[in-house]
Amino acid sequence: MSFTKVTEQDSNHSDLETKSVSELLSAINNEDKTVPYAVEKALPQIERLVKKVVEQLKLGGRLFYMGAGTSGRLGVVDASECPPTFGVPHELVIGLIAGGETAIRKAVEFAEDSTVQGWSDLQQYAISKNDIVIGIAASGTTPYVLHALKKCNENGISTGSITCNANCPISLEAQLPVEVVVGPEFVTGSSRMKAGTAQKLVLNMISTATMIQLGKVKGNKMVDMQLSNDKLVERGIRMIQAELQVSNEEAAKLLKEYGSVRGAVTNYIK
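Cut-offs applied
All residue numbers refer to positions counted from 1 along the written sequence of the respective chain. Owing to the predicted nature of the model, reporting of local features is limited to residues with pLDDT of at least 70; listing and counting of side-chain atom pairs is limited to 80 or more, with chain, interface and lining totals taken over all residues. With hydrogens and water set aside, each side-chain value is computed from the structure's full complement of heavy atoms. Every axis corresponds to a line fitted to the C-alpha atoms, with the helix fit spanning only the stretch in contact, and the corresponding angles, defined between N-to-C directions, vary from 0 to 180 degrees. Numbering of helices and strands starts at the N terminus; helices are DSSP runs of H or I of at least 4 residues and strands are runs of E of at least 2. Each angle gets one of four labels, with under 35 degrees taken as roughly parallel, over 145 as roughly antiparallel, 65 to 115 as roughly perpendicular, and the rest as oblique. Crossings are sorted by hand: turned counterclockwise from the far helix by less than a right angle, the near helix makes the crossing left-handed, and turned clockwise it makes it right-handed. Any two residues whose heavy atoms approach within 4.5 Å at even a single point are treated as in contact. The criterion is simple. A nonpolar core is a set of buried Ala, Val, Leu, Ile, Met, Phe, Trp, Tyr and Cys residues joined through side-chain atoms within 4.5 Å. For each residue, the accessible area found with a 1.4 Å probe, counting protein chains only, is set against the maximum for its type, and the residue is called buried under 20%, exposed over 50%, and partly exposed in between. When two rings of Phe, Tyr or Trp (its six-membered ring) have centres within 6.5 Å they constitute a pair, described as stacked for plane angles under 30 degrees, edge-to-face for angles over 60, and tilted for the intermediate range. Any carboxyl oxygen of Asp or Glu within 4 Å of a side-chain nitrogen of Lys or Arg constitutes a salt bridge here.

Draft legend 1. Here's a closer look at the packing of helix α4 (residues 69-86) against helix α9 (residues 194-213). At a closest axis distance of 10 Å, the pairing of α4 and α9 adopts a crossing angle of 30°. Between α4 and α9, the interaxial angle falls into the category roughly parallel. Crossing of α4 against α9: the hand is right-handed. Side by side, α4 and α9 meet where S71, L74, G75, V77, D78, E81, C82 and F86 of the first sit next to G196, Q199, K200, L203, N204, S207, T208 and M211 of the second.

Draft legend 2. The arrangement of the nonpolar core in detail. The biggest cluster of nonpolar side chains holds 35 residues, and the ones touching the most others in it are L63, Y65, I134, V180 and I206. Apart from the residues within four sequence positions on either side, I134 is in contact with L49, V53, L63, F64, Y65, M66, G160, S161, I162 and I206. Ranked by size, the runner-up nonpolar core spans 21 residues in total, among them I94, A98, W119 and A174.

Draft legend 3. The packing of aromatic side chains, seen in detail. Scanning the model with the defined rule gives 1 aromatic pair in all. The interplanar angle of 75° and the centroid separation of 5.7 Å between the aromatic rings of F64 and Y125 together place this pair among those described as edge-to-face. Of this pair, F64 sits in strand β1 (residues 63-67) while Y125 sits in the loop between α6 (117-123) and β3 (132-137), and the two are 61 residues apart along the sequence.

Draft legend 4. Fine view of the pattern of salt bridges. Applying the stated criterion to the full structure yields 7 salt bridges. The shortest N-O distance in the salt bridge between D131 and R62 comes to 2.8 Å. Of the two residues, D131 is situated in the loop between α6 and β3 and R62 in the loop between α3 (43-58) and β1; the sequence distance between them amounts to 69 residues. This pair shows no difference in class: D131 is buried, exactly as R62 is.

Draft legend 5. Unusual backbone geometry, seen in detail. Even without being a glycine, A126 presents a positive backbone phi close to 50°. Looking at the element boundaries, A126 is found in the loop between α6 and β3. Here A126 falls in the exposed class, since its relative accessible area comes to 56%. Here N167, not a glycine, exhibits a phi torsion of approximately 55°, which is positive. Tracing the sequence through the fold places N167 in the loop between β4 (158-163) and α8 (169-173). Owing to a relative accessible area of 52%, N167 belongs among the exposed residues under this scheme.

This is the structure we're talking about:
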C-alpha cells in the first residue's frame, strides 16, 4: 500500500536558521491559520464519528483514544479534561499512549512500533462491543494504533481515527475515519505543529459535542463541572445567580448544600 505522507513533505519555508524571531513567528502563524480550514473540510466525517460516540456511550460504553507521541499525549489530555469539565467518571473517556504513563512526559523508544501492545492495553480495560476506540496518528501509519484498530474490528468493536494524511492505512482500517490534511509542516516532518493543532481541534469537537449531546451542558454552562478550586466555585456561584436570579449569598448556600450547579438549580424551590 502506498500513499503520500503530506505531513512529511518538505516545508514551504527554507533557510529557517537565517530568519529573525519576528519572521519565524509570522511564518509559523501564517501556517497555523490554514489548520481550521483543513478541519472544516472534515466536518462531515467528524459529525459521523461524534454521532457514533454518543450512540455507544448511551449504551453504557466508553470512549478510548489511542496514539503515540504527540498524538497519544493529546488524547490523554482530552480524556483527562472530561471529568472536571463535565462531571463524568474518569473511566468514561480513557486516553492510552504507546509506552504508558512514562511516555506522557518522555519519549519511549520504539513503543509506537509494537503490533501487539495496543490491543493488550485495551484488554487491560476489558474492552467490549459497547465501547468505541479512536486511533490518533498524524502519519496514519503508527503500528501501535493500526493493529489495535484491526483487533477491535475483528472483535466487533466500533472504531474511528484522526489522521492528517488521506487514504492512509489507519484511515482505511477505521470504520469512521477523520482525515484533516494540513499539508507540510513549518519544520519538515514536525507533526507536533499543524497536525497536532488539527488533532487538538478535532478532539475538542468530539468530546464537547458528545458531552452536550449527553446532557452535560445546560444553555452554554458547565453545570456538572467539578468544583475543584476557588475559581470554579466562584464560577458556579455566578452560574446559579444568573439562572435562579438569587443573591450571591443564596447562590453560595445552594451550591454548598447540593454540591453542584445542576443540583442547586434542579432542587431550588422559591
